[in-house]
Every structure is written in C-alpha cells, then in structure tokens.
Amino acid sequence: MYLTSPTKGRLSFEEMMDEIRSYIAGLPNSQYKIIIGSDSQVMKGQTCFITAVIVHRLSKGARYFYRKRTHRKIKSLRQKIFFETALSLELGGIIAKHCAEAGLDEHQVEIHIDVGSHGDTKDLIREVVGMVTGSGFNAKIKPDAYGASSVADRHTK
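Keep in mind the model is a prediction, meaning the values are calculated, not measured.

The rules behind each value
- Here the residue numbering is sequential within each chain, running from 1 through the sequence in written order.
- For this predicted model, a pLDDT threshold of at least 70 governs which residues receive local features, and a threshold of 80 or more governs which side-chain atom pairs are given and counted, while totals over whole chains, interfaces and linings are taken from all residues.
- Side-chain numbers here rest on the full set of heavy atoms in the structure, without hydrogens or water.
- Salt bridges are counted wherever a side-chain nitrogen of Lys or Arg sits within 4 Å of a carboxyl oxygen of Asp or Glu.
- Numbering of helices and strands runs from the N terminus, with a helix taken as a DSSP run of H or I at least four residues long and a strand as a DSSP run of E at least two residues long.
- With a 1.4 Å probe rolled over the protein chains alone, any residue whose accessible area is under 20% of its type maximum counts as buried; one over 50% counts as exposed, and the rest are partly exposed.
- Summary of the metric used: pLDDT quantifies the predictor's per-residue confidence within the range 0 to 100.
- We call two residues in contact when some of their heavy atoms are within 4.5 Å.
- Interaxial angles span 0 to 180 degrees and are taken between N-to-C directions of axes, which are lines fitted to C-alpha atoms, for helices over the stretch in contact.
- Angular relationships are summarised with four words: roughly parallel below 35 degrees, roughly antiparallel beyond 145, roughly perpendicular across 65 to 115, and oblique for the angles in between.
- By the definition used in this description, the sense in which the near helix is turned from the far one sets the handedness, with an anticlockwise turn below a right angle giving left-handed and a clockwise turn giving right-handed.
- Side-chain classes follow a simple rule in which Ala, Val, Leu, Ile, Met, Phe, Trp, Tyr, Cys and Pro form the nonpolar group, Asp, Glu, Lys and Arg form the charged group, and the remainder, Gly included, forms the polar group.
- Residue count minus one, scaled by 1.5 Å, sets the expected span of a helix.
- In this context, the arc is that of the directions from the helix axis out to the C-beta atoms.

Undergrad: Outline the pattern of salt bridges, listing residues and values.
TA: The tally for this structure, following the rule as stated, stands at seven salt bridges. Put simply, Asp18 and Arg21 hold a salt bridge, and the shortest N to O gap is 2.4 Å. Here the residue Asp18 and the residue Arg21 both occupy positions in helix α1 (residues 13-26), the gap between them amounting to three residues, near one helical turn. Arg21 gets classed as partly exposed once you look at its relative accessible area, which sits at 29%. A salt bridge links Arg69 to Glu90; the shortest N-O distance between them is 3.5 Å. Taken as a pair, Arg69 in strand β5 (residues 62-72) and Glu90 in helix α2 (residues 77-101) lie far apart in primary sequence, 21 residues in all. Residue classification places Arg69 among the partly exposed residues on the basis of a relative accessible area of 32%.

The following block contains the structure:
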C-alpha cells in the first residue's frame, strides 16, 4: 500500500509510519491525535475515494498523508458513505495495530465520517457512527470531521 505526503511524495505504509513516529518524537511531550477520514467524488464514470491520515499535534500543527483509490461509479449516497467509512476503518485498523506494536497506542485514533446533522446524510449518522464505535474507534461527524470534510475532500477534485 502506498500513500502520498504533500511534502515527501509517494511513501510506502512503513515509510508513512516512520514519518508519524518521527513527527511525534519531535515534540514527545505534546498531545497527539491520529485521524483517519475519507471522502469521495463521482467523475467521468468512476468514483474517486481519498482516505486521509492526519497526525494532529494539538494546538501545534499537523502532518497528513492520503491514499487515492478509484472505483466504478457509485450513484447511491448511502453506498458511498458506507464505502468511505469502510475504507477509513480498514486503514484505521492497520494504523492502530502498528501504533500498538510501536508503543504509540496512547495516541487515540479517531475516524472522521463525512456525515452531518444537516443535509442528505443526516439519516445515516446512527448507522455509520455505530459501525465506527463498534470497531473500537472514536467517531466524529461534521462539523468536527475535518479529516474527511476538509483534508480528504481537498484531494478528491
């Protein structure tokens, strides 16, 4: 699996995890969150999915990485939201496992879901939040889901 860093370019999963460990080691007394969020955009007969991994040094900046995947065109909003959430959970599970093995398990992993209490996605909140919390992660929805609605969204266009 490969991800992209805006500053480092294309990285393997292991290289990304090394970057995350290095970033945290840079200011070890700071508080950190590791955030996973996905967003999608339908274009030209296919759907582009972006899953972002953000290492947020609370009140002191962040670094992020993203993974791009294309899929056949998905017209159903419900299906897109569930697929986005599944992609975030998949990567979140792999990252949480690596963090635990590297002694970084004190840093919470959050899953940001691109749903909110206003708009077409409000009816999906309970189901996708249940999916995330049932998998052992904290879930955030809009307006607090910046991992999905800002960072991942930036790269879907």
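More follows now that the structure is in view.
Undergrad: Please set out the confidence of the model for the chain residue by residue, giving values where relevant.
TA: Looking at the chain as a whole, its pLDDT mean stands at 92, while 100% of the residues score no less than 70. Least confident of the elements in the chain is helix α4 (residues 146-154), whose mean pLDDT is 87; most confident is strand β2 (residues 9-12), at 97.

Undergrad: Help me get a handle on the environment of Tyr66, residues and values and all.
TA: Looking at where Tyr66 falls in the secondary structure, it is placed in strand β5. For Tyr66, a relative accessible area of 17% corresponds to the buried category. Expressed as a C-alpha distance, the spacing of Tyr66 and Gln46, which sit 20 residues apart in the sequence, is 19 Å. If near-sequence neighbours (up to four positions away) are discounted, Tyr66 is found in contact with Leu3, Thr4, Ile50, Thr51, Ala52 and His155.

Undergrad: Can you lay out the packing of α1 against α2 for me, pointing to particular residues and giving the numbers?
TA: Interaxial distance between α1 and α2 falls to 11 Å at its minimum, and their mutual angle equals 60°. Considered as vectors, α1 and α2 are oriented oblique to each other. The interaxial crossing formed by α1 with α2 has right-handed handedness. Two secondary-structure elements touch here, α1 through Phe13, Met16 and Met17 and α2 through Leu91, Ile94, Ile95, His98 and Cys99. When grouped by side-chain class, the residues that make up the contact of α1 with α2 number seven nonpolar, one polar and no charged.

Undergrad: Just give me the short version of α1, but keep the residues and values in it.
TA: For α1, spanning 14 residues, the distance from its first C-alpha to its last is 20 Å, which sits close to the expected 20 Å at 1.5 Å a residue. Of all the residues in α1, the buried ones are Phe13, Met16, Met17, Ile20, Tyr23 and Ile24. Mapping the buried residues of α1 onto a view down its axis gives an arc of 120°, with all of them on the same face. Facing away from the buried side of α1, by more than 90 degrees, are the exposed residues Ala25 and Gly26.

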